Amino acid sequence: MYKDLRGFIKQVDELGVLRRINGADPKFELGGITEVAAGSAECPALLFDRIKGYDSGTRVFTNATTTAQRAALALGIDPSLTPLDALKAWMKKRQTLERHSPVEIDKAPFQDNVMRGRNVDLGKLPAPYWHRKDGGPYIGSGSIIIMRDPDGGWINSSIYRVQVHGKNRVTIQFDHLGRHGAIIAKKYWDKGEPCPVAVVNGQDPALFIAGFEYLPDGQSEYDFAGSIKGAPMETIRGPLTGLPLPAHAEIILEGELVLPSEATLPEGPFGEFTGYYAADARPAPVMQVNAVYHRDNPILLGSPPMKPPRFHFGLPFRAASIWSNLEMAGVTDVVGCWQHVAQLMTVVAIRQRYAGHAKRAALIAAANSYMGRLVVVVDDDVDPSNLADVMWAVTTRCEPAEQIDIVRNAWSSALDPRIPDESKRAGVTSHSKAIIEAVRPFGWKDKYPPTSALTADETREIEEKWGSKLRGSPVPAATSPASKTRKRK
Ligand SMILES: Cc1cc2nc3c(=O)[nH]c(=O)nc-3n(C[C@H](O)[C@H](O)[C@H](O)COP(=O)(O)O)c2cc1C
Ligand SMILES: [Mn+2]
């Protein structure tokens, strides 16, 4: 298992999927390159250096976990598994994780470079303008926010975006008031106190994954990250806040979220994971940055939201939780669960055993699909991770007049582009979800016309016997049609 972000980048490089890019402009270009790469077939991870306006050696790493292979690598799961097998392995591992609380050590490489008080200058750290209409530069697109609950004393460490506003101020954006960060900050503010906070940029990928998990109140993402790694995270005590700071992180900001009655700043707009700007600039909590620490030649982990299907994680982690929810609720014969369109569509594959089985699975999946308008159930011969296969089932097994249901007033968010502004202003952020039963109707499933497609086993046998013949040999460059044309000219 890698030790920190640098160790992970090394492993990515060894897989041959790291590209080094020099000389990009942090204003729109770095984000643009990231988006083009994320949309390409290979979807490489990118390490930017000699970024315009910054010291050489100050780097930005993007598309860290955007493929199934790298998402598996970050989880410590065999990266050669098929995506669905990798997700299943993660679902099983997630159910049996042994918690590892962090351990405190007394030295960290980020202590090598310190800016304090009036010397704090965030302008020295990379903060790209990721998308054309972003309201400002964002140091935190995939950064972790550390806070301590003043009641329980437990540590929350999850991902909220961080916009830079000048030398020593940033804003932190909570999508809604139910975020642990928002709940914790309010507890301090209600007592008339600022909320101690640290922003971790360039963290261990396990902490990045943990920061995306919906964990119950009181459960620390730090422990979860330790569980992924099978060893406790190492931390040092923040000199100003006493917060545990991940010892092997690249860049850390320490300070406090000031009382909203003293200051807020307009935050956003920001290109979202839906592929839209959800809202104009809105007031957000301000963090006064009182200290900055960073390693030599620091690396910012950047994870800008991009138009789907591009997504931060090449394995749909929330589909693993839904899969697990189904098992926990006693739904049998779930053979797979997946999310497409950057978590906006959920698919469950089941081996139907009784009438209503498909709908039972669909309703549980729909209940737990954040912002997803589309929930599809397919039979076990359909690969839920293959959108073409799923649409084949939708178009050949679902009679719309009989097998589509609409659930109203369900879980979405203020980021949903289809909810009108007036509704959002009135606090209405729910939407409706379509449940598509793309399964053979249970009552006559055994009489359904058989499919002509090869089974997975038959396909594998053919691959093994004839695969090399099918792939052929690459066309030598000299005789390729393109070079012939050139010669003739
Ligand atoms: C790259 C990335 C960026 C995110 N940005 C935000 C954000 O700006 N605000 C927010 O509230 N949630 C954001 N999220 C989602 C939260 O991190 C996620 O829902 C998390 O579970 C919330 O943790 P909490 O339950 O401790 O509040 C982001 C997730 C990812 C992966
Ligand atoms: Mn949390």
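Residues numbered from 1 in each chain as written. Chains lettered and ligands numbered in written order. Predicted model: local features only at pLDDT ≥ 70, side-chain atom pairs only at ≥ 80, totals over all residues. Heavy atoms only, no water.

Observations regarding the pattern of salt bridges
- With the rule as written, the count across this model stands at 31 salt bridges.
- Ionic pairing is found between E267 and R161, a salt bridge with its closest N-O pair at 2.8 Å. With a gap of 106 residues between them, E267 in strand β15 (residues 264-267) and R161 in the loop between β8 (155-159) and β9 (162-164) connect regions that are remote in the sequence. Assigned by exposure class, E267 and R161 land together as buried.
- Among the ionic pairs, D421 bridges to R425, the shortest N-O distance being 3.2 Å. Taken together, the residues span about one helical turn, with D421 and R425 both in helix α12 (residues 421-425) at a distance of four residues. (Salt bridge = Lys/Arg side-chain N within 4 Å of Asp/Glu carboxyl O. Helix = DSSP H or I, 4+ residues; strand = E, 2+ residues; numbered from the N terminus. Buried < 20%, exposed > 50% of the residue type's maximum accessible area, 1.4 Å probe, protein only.)

Some words on the coordination of the manganese ion (ligand 2)
- Around the manganese ion (ligand 2), the protein supplies N156 (OD1), H180 (ND1) and E221 (OE) as donor atoms, at distances of 2.1 to 2.3 Å.
- Read N to C, the donor residues that coordinate the manganese ion (ligand 2) are spaced as N-x23-H-x40-E. Note that H180 is positioned in helix α5 (residues 180-190) and E221 in helix α7 (residues 221-229), a separation of 41 residues in sequence.
- With a relative accessible area of 14%, H180 lands in the buried category.
- Looking at E221, the relative accessible area reads 2%, which means it is buried. (Donors = N, O, S within 2.8 Å, 3.2 Å for Na, K, Ca; no water.)

Focus: the site of ligand 1
- In the vicinity of ligand 1, 20 residues are found, and the nearest of them are I159, Y160, R161, D175 and R179.
- Take I159: an N or O atom from its main chain is 2.7 Å from an oxygen atom of ligand 1.
- Protein burial of ligand 1: of its 640 Å² of free accessible surface, 92% is covered by the chains.
- The greatest single-element share of the shell around ligand 1, amounting to three residues, is contributed by β8.
- Residue composition of the shell around ligand 1, grouped by class: six nonpolar, eight polar and six charged. (Near = heavy atom within 4 Å. Polar contact = N/O pair within 3.5 Å; in protein donor to acceptor, adjacent residues only side chain to side chain. Areas by Shrake-Rupley, 256 points an atom, 1.4 Å probe, with all protein chains shown as cover. Nonpolar A, V, L, I, M, F, W, Y, C, P; charged D, E, K, R; others polar.)

Re empty space enclosed by the protein
- Tallied over the full model, the rule gives three cavities of 30 Å³ or more.
- Looking at the largest cavity, its volume works out to about 60 Å³. (1 Å grid on protein atoms, 1.4 Å probe; cavity = no way out; pocket = protein on both sides within 12 Å on 5 of 7 lines; lining within 4 Å. Points joined across faces, edges and corners; volume = space filled by probe spheres on them.)

A short note on a nonpolar patch on the surface
- On the surface, L454, I462, W466 and L470 cluster together into a nonpolar patch covering about 440 Å² of accessible area.
- Position of I462 relative to the elements: it lies in helix α13 (residues 456-471). (Patch = residues over 30% accessible without salt bridge, like charges linked within 9 Å, V, L, I, M, F, W, Y side chains within 5 Å.)

Regarding the domain arrangement of the protein chain
- Taken domain by domain, the protein chain holds domain 1 (5-301) and domain 2 (317-447).
- With centres defined by C-alpha atoms, the gap from domain 1 to domain 2 works out at 31 Å.
- Each partner contributes to the interface: domain 1 provides 22 residues, whereas domain 2 provides 26 residues.
- Carbon and sulfur atoms supply 70% of the area buried between domain 1 and domain 2, which totals about 2300 Å² over both sides.
- Run the count over domain 1 and domain 2 and you get one salt bridge.
- Inspection of the domain 1/domain 2 interface yields five residue pairs in polar contact (both at pLDDT 80 or more).
- Elements with a contribution of two residues or more to the side of domain 1 that touches domain 2: α3 (68-75) and α4 (83-95).
- If one sorts the elements of the side of domain 1 that touches domain 2 by residue count, α4 sits on top with nine residues.
- Looking at the side of domain 1 that touches domain 2 residue by residue, the class counts come to 13 nonpolar, two polar and seven charged. (Domains from an automatic or database assignment. Contact = heavy atoms within 4.5 Å. Buried area = accessible area lost by both parts, 1.4 Å probe.)

Some words on the packing of aromatic side chains
- If you walk through the whole model with that rule in mind, you get 16 aromatic pairs.
- Where F212 meets F313, the ring centres are 4.9 Å apart and the plane angle is 35°; that geometry is what we call tilted. Of this pair, F212 sits in the loop between α6 (205-210) and α7 while F313 sits in the loop between β17 (299-301) and α8 (317-328), and the two are 101 residues apart along the sequence. The burial state of F212 is the same as that of F313; both residues are buried.
- Among the aromatic residues, those joined into a ring-pair cluster are W90, F208, F212, F224, F273, F311, F313 and F317. (Phe/Tyr/Trp six-rings, centres within 6.5 Å; stacked < 30°, edge-to-face > 60°.)

Re unusual backbone geometry
- Note that the residue after G268, namely P269, is joined by a cis bond; omega there is -5°.
- Residues P308 and P309 are joined by a peptide bond in cis, for which omega reads 10°.
- Residue N297 is not a glycine yet carries a positive backbone phi of 45°.
- The class for N297 is partly exposed, based on a relative accessible area of 42%.
- With a phi close to 65°, M371 is a non-glycine residue in the positive phi region.

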